[in-house]
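Each chain is listed here by its residues.
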Amino acid sequence: MDTESEPYVRLATLRQLHRVVADLNTARSLADTLQAVADGVVRGLGYELAAVNLARPDGDLVVAAFAGSAAGEALLAGRVGSRASWERRLTMGERWGTLRFIPHTEGWVLIDDDVPQWHTEGPLPRFPDEWHPGDRLYAPMYSSQSVGSELIGVISVDKPTSGRHPGPWGCEALQMYAFQAGIAISNARLRANMQRALVRLERDQQALRASEESFRQAFEYAPSGMAIAEMGGDQHGKLLRANDALCRLLGRSATVMRRHSFSDLVHPEDVGLLLRTSAEGGRAELRLARRDGSYVWVSLRNSVVADTADGPRFLLTHVEDIEERKSRELQLAHRASHDSLTGLPNSAELRARLSSRLCARPHDMDGAASAAEADDLDEFAFSYGYGPDEMAAPLSALDSHTHTVAPDETDEESASKGLAVLFCDLDGFKAINDRFGHHTGDAVLIEVARRLTGAVRDGDTVARLGGDEFVVLADGLAPPDAADLAVRLRNAIVPPIRVDGRAVRVGASFGIGWAGCGMTAEEVLHSADQRMYVEKRSRSSSSPSRSSPSRPNHRRAG
C-alpha cells in the first residue's frame, strides 16, 4: 500500500472492493453473510486478520465471524463484549472519517475490559506510520448514514499487508466496505426474519388446516345435532351449516336447512326464549319443527365464535334430542296435577288455578273510600308532575293484577259478571258403588267427567276434587248464566250410564259460589260447598247419597 497514491493501485483496489461487495450479496444466510464480510476484508482490503462483531438484541456485541487465522477464530468466535466497553472504544479512538483508530500508546487502558481481542506486544515502530501489533482499527457498521442510526456491528481489522497505517484511500475503501457490509447484514437479517416468518406461517397454516379438518370431522360426525348460524346483521340466525345428526332429527336435508334460521323452525311459544338464548350465547330447552309438522323437544346450547378484530361472528349451536326425557317430565307433571282415573285436573291443580285469580286485597265495589284516597293521591301526584295518563298506569307489579270481583247476586238488574265456582256432588253414587263394586263406580266417574267436560266452554276448568265431587270454574258469567250452566251440567249427568251391559243412573247437586279478591281458594270452595248443601236439602225428596243431608259442614273426600 506504500504506492497506493498511484492511479493503477487505486483502480485495482476499486476492483477488489467491487468483487468482495458483490460476494456479500450472494450469501444465502445471515451466517454466510457475516463470514463473507470478514473474508472480504482479508481478500480485498489488504488486512491479514478481520473480525465481525455483531450487535445482539440486548445491545452487547458478539464475535460472529473471523477471517485470516484459525487460531484466532478458535480463540474469539462466539465471545461477547459489553455495549458499554464498545462505546468506550469507539469514543476514545482517533476519528478517521467513520473509522476509529486507537494507537498502541493508548491501548494499555483497554487491556482489562471485556471486549474480545488478540493484540500482542511488539517492538516500537521504526517509522511514524508503521503498524504496531497493539494498534486497533475499527469500522462501525450502521443501518444508514444518517446521524443517530442503529449500530449493526463493528469490523475489527489488524496487520495490514503493507505493514503501514492505511492511507486516505485505504481508509475510504474500508469505510465504503463497512457501509455496504451493514446493508448486506441488514438485508440478510430481513431475509432470515422473513424465512422464519414464512416457516411459522406455514406451520400455523398446517396447524389451522389440521384444526379445521378435526373440527369438520367432529362437526359432521357428532352424534348430536350441530349447526353454525350467522350472528348479527340482516342474516342473524340464518343457518350456514347443519350436520347429519341435526338433519336426521328434523327430517330435512342440509340444503333445505340452509334456507332457514332457527326462528323459522322453533315453536311459536318458544320464539322469545330462542331470541334471548341467541343474544346471550346460553342454553335453552325448546321445540323445533320436523318436516312432517310435528315438534321435537331439544336442548339448545349456543357458543359465540368471536373474531378478534370484528367481534362476535357466528353461533355454534349444539342441538340434543331430549324428547324422551321431556315426555317423561311432562307425564310426571301431568300425573302430579291431574286425577289418575278421570284425567281431570286434581284438587291441587284446581286450587292453584283458583289462587292465581285471587289476591289478598279485596276490590272496593262502592268506591267511596277509594275515591277519597284518590283525591288525596291526585293532589300529591299532580304536585310531582303526574297527569291523568300517568295516574291511570299501574304503579307496581302488584297493580297489574286484574282483580276478580264477585257479582251482586241480590240485584237482579245487575249485568255484572264474575268467576263462577260450581260445586258438584253426585247423588246416588254411593249406592251404585256399594251394589255393583268399585269397577262400576270408576266407570261412572269417568263418564261423568267426560259429560261435564263436553258441556262447558273452551277455557273453563272441570276438576275432580275427590270421591264423587267435581268443581267447574267458569269465568265471565252473570248469576243467571251460572244457574243455567248448572242446569245444563245436571241434565248432562242425569241420562243413564251403561256399564258392562247394565244401565245405572246418578243425579247431581250443584252449589254456585263466586270467587273474589280478598278470599282464599279454600274460602271460595267452602262457600260453594255450603251452597251445594243448601240445594241438596231443598231437594230432600231425592234419594240421599250421604249419611246426613242436613249436616252443615260436609267433609269432602280428597
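Residues numbered from 1 in each chain as written. Predicted model: local features only at pLDDT ≥ 70, side-chain atom pairs only at ≥ 80, totals over all residues. Heavy atoms only, no water.

S.K.: Honestly, the overall build of the protein chain in this entry has me stumped. Any pointers?
M.R.: Helix and strand content of the protein chain: 17 helices and 18 strands. Out of the 558 residues belonging to the protein chain, those deemed buried represent 41%. Counting only carbon and sulfur atoms, one obtains 53% of the accessible surface of the protein chain, whose full area is about 30500 Å². (Helix = DSSP H or I, 4+ residues; strand = E, 2+ residues; numbered from the N terminus. Buried < 20%, exposed > 50% of the residue type's maximum accessible area, 1.4 Å probe, protein only. Areas by Shrake-Rupley, 256 points an atom, 1.4 Å probe, with all protein chains shown as cover.)

S.K.: Would you explain the environment of Arg79 in this entry?
M.R.: Within the secondary structure, Arg79 is located in the loop between helix 3 (70-76) and strand 3 (80-81). In this structure Arg79 comes out as partly exposed when scored by relative accessible area, which is 39%. Sequence-wise, Arg79 and Asn53 are 26 residues apart; in three dimensions their C-alpha atoms are separated by 9.3 Å. For Arg79, the residues in contact, after removing those within four places along its chain, are Leu61, Val62, Val63 and Pro116. (Contact = heavy atoms within 4.5 Å.)

S.K.: What am I meant to see in helix 17 (residues 521-538) here?
M.R.: Along an α-helix, residues three or four positions apart point the same way, because every turn accommodates 3.6 residues. In a regular helix each residue adds 1.5 Å, so 18 residues correspond to 26 Å; helix 17 covers 26 Å between its end C-alpha atoms and thus fits that length. Considering only its buried residues, helix 17 is in contact with helix 11 (347-356), strand 13 (418-427), strand 15 (469-477), helix 16 (479-493) and strand 18 (507-515). (Expected span 1.5 Å × (residues − 1).)

S.K.: I'm lost on the packing of helix 11 against helix 17 in this one. Help?
M.R.: Angle between the axes and distance between the axes: these two values describe a pair of packed helices. At a closest axis distance of 9 Å, the pairing of helix 11 and helix 17 adopts a crossing angle of 110°. Considering the angle they form, helix 11 stands roughly perpendicular to helix 17. Residues Leu350, Arg351, Leu354 and Ser355 of helix 11 lie in contact with helix 17, whose contacting residues are Ala521, Glu522, Val524 and Leu525. For the contact of helix 11 with helix 17, the class distribution of residues is five nonpolar, one polar and two charged. (Axes fitted to C-alpha atoms, helices over the stretch in contact; angles between N-to-C directions. Parallel < 35°, antiparallel > 145°, perpendicular 65-115°, else oblique. Nonpolar A, V, L, I, M, F, W, Y, C, P; charged D, E, K, R; others polar.)

S.K.: Just to check I follow, could you spell out the packing of aromatic side chains for this structure?
M.R.: Think of a pair of aromatic rings as described by two things: how far the centres are apart, and how the planes are tilted against each other in angle. Evaluation of the coordinates by the stated rule reveals five aromatic pairs. Ring centres of Phe66 and Trp118 lie 5.4 Å apart, and the angle between their planes is 85°; this geometry places the pair in the edge-to-face category. Residue Phe66 is found in strand 2 (residues 61-67), and its partner Trp118 is found in the loop between strand 5 (99-102) and strand 6 (136-142); the two are separated by 52 residues along the sequence. For the pair Phe66 and Trp118, one class covers both residues: buried. Among the aromatic side chains, those forming a connected cluster through ring pairs are Trp96, Phe101 and Trp131. Residue placement shows Arg241 over the ring face of Phe219; its charged tip is 4.8 Å from the ring centre. Above the plane of the ring of Trp297 lies Lys326, whose end atom (NZ or CZ) is 4.7 Å from the centre. (Phe/Tyr/Trp six-rings, centres within 6.5 Å; stacked < 30°, edge-to-face > 60°. Lys NZ or Arg CZ within 6 Å of the ring centre and 35° of its normal.)

S.K.: It is not clear to me how the sheet that holds strand 5 should be interpreted in this structure. Could you clarify?
M.R.: For sheets, the rule is that strands pair by backbone hydrogen bonds, running either parallel or antiparallel. One open sheet accounts for seven strands, arranged 3-2-1-7-6-5-4; its pairing is antiparallel. On the outer flanks of this sheet lie strand 3 and strand 4 (94-96), each paired with one strand and no other. Of the strand pairs in this sheet, strand 2 and strand 3 are connected by two bridges, and their pairing is antiparallel. Bridge assignment links Leu61 to a residue of strand 3, and that residue is Gly81. Along the sheet, helix 2 (residues 30-44) contacts strand 1 (47-55), strand 2 and strand 7 (151-160); its crossing angle with strand 1, the most-contacted strand, is approximately 150°. Taken strand by strand, helix 4 (residues 83-92) contacts strand 1, strand 2, strand 3, strand 4, strand 5, strand 6 and strand 7, and its axis lies near 110° from that of strand 6. (Pairing = 2+ DSSP bridges.)

S.K.: Looking at this structure, I do not really get the environment of Val266. What am I missing?
M.R.: Tracing the backbone shows Val266 in the loop between helix 8 (262-265) and helix 9 (271-280). We classify Val266 as buried; its relative accessible area is 5%. Between the C-alpha atoms of Val266 and Leu288, which are 22 residues apart in sequence, the distance is 4.4 Å. Leave out the neighbours within four places in its chain, and Val266 touches Val271, Leu274, Leu286, Arg287, Leu288 and Tyr295.

S.K.: What exactly am I supposed to notice about the pattern of salt bridges here?
M.R.: Oppositely charged side chains are able to pair whenever their charged atoms sit close together. Taken as a whole, this structure holds 30 salt bridges when the rule is applied. With a closest N to O distance of 2.9 Å, Asp129 and Arg164 form a salt bridge. Placement of the pair is Asp129 in the loop between strand 5 and strand 6 and Arg164 in the loop between strand 7 and helix 5 (168-220), with a sequence separation of 35 residues. Ionic pairing is found between Asp427 and Lys536, a salt bridge with its closest N-O pair at 2.4 Å. Residue Asp427 is found in strand 13, and its partner Lys536 is found in helix 17; the two are separated by 109 residues along the sequence. (Salt bridge = Lys/Arg side-chain N within 4 Å of Asp/Glu carboxyl O.)

S.K.: Mind showing me how you'd approach the side chain of Thr33 here?
M.R.: As for its position among the elements, Thr33 is in helix 2. Classification of Thr33 by relative accessible area gives buried; the value is 0%. Of the polar contacts made by the side chain of Thr33, one reaches the backbone oxygen of Ser29; its length is 2.8 Å. The contact partners of Thr33, leaving out residues within four places of it in the chain, are Leu24, Ala27, Ala184, Ile185, Ala188 and Arg191. (Polar contact = N/O pair within 3.5 Å; in protein donor to acceptor, adjacent residues only side chain to side chain.)

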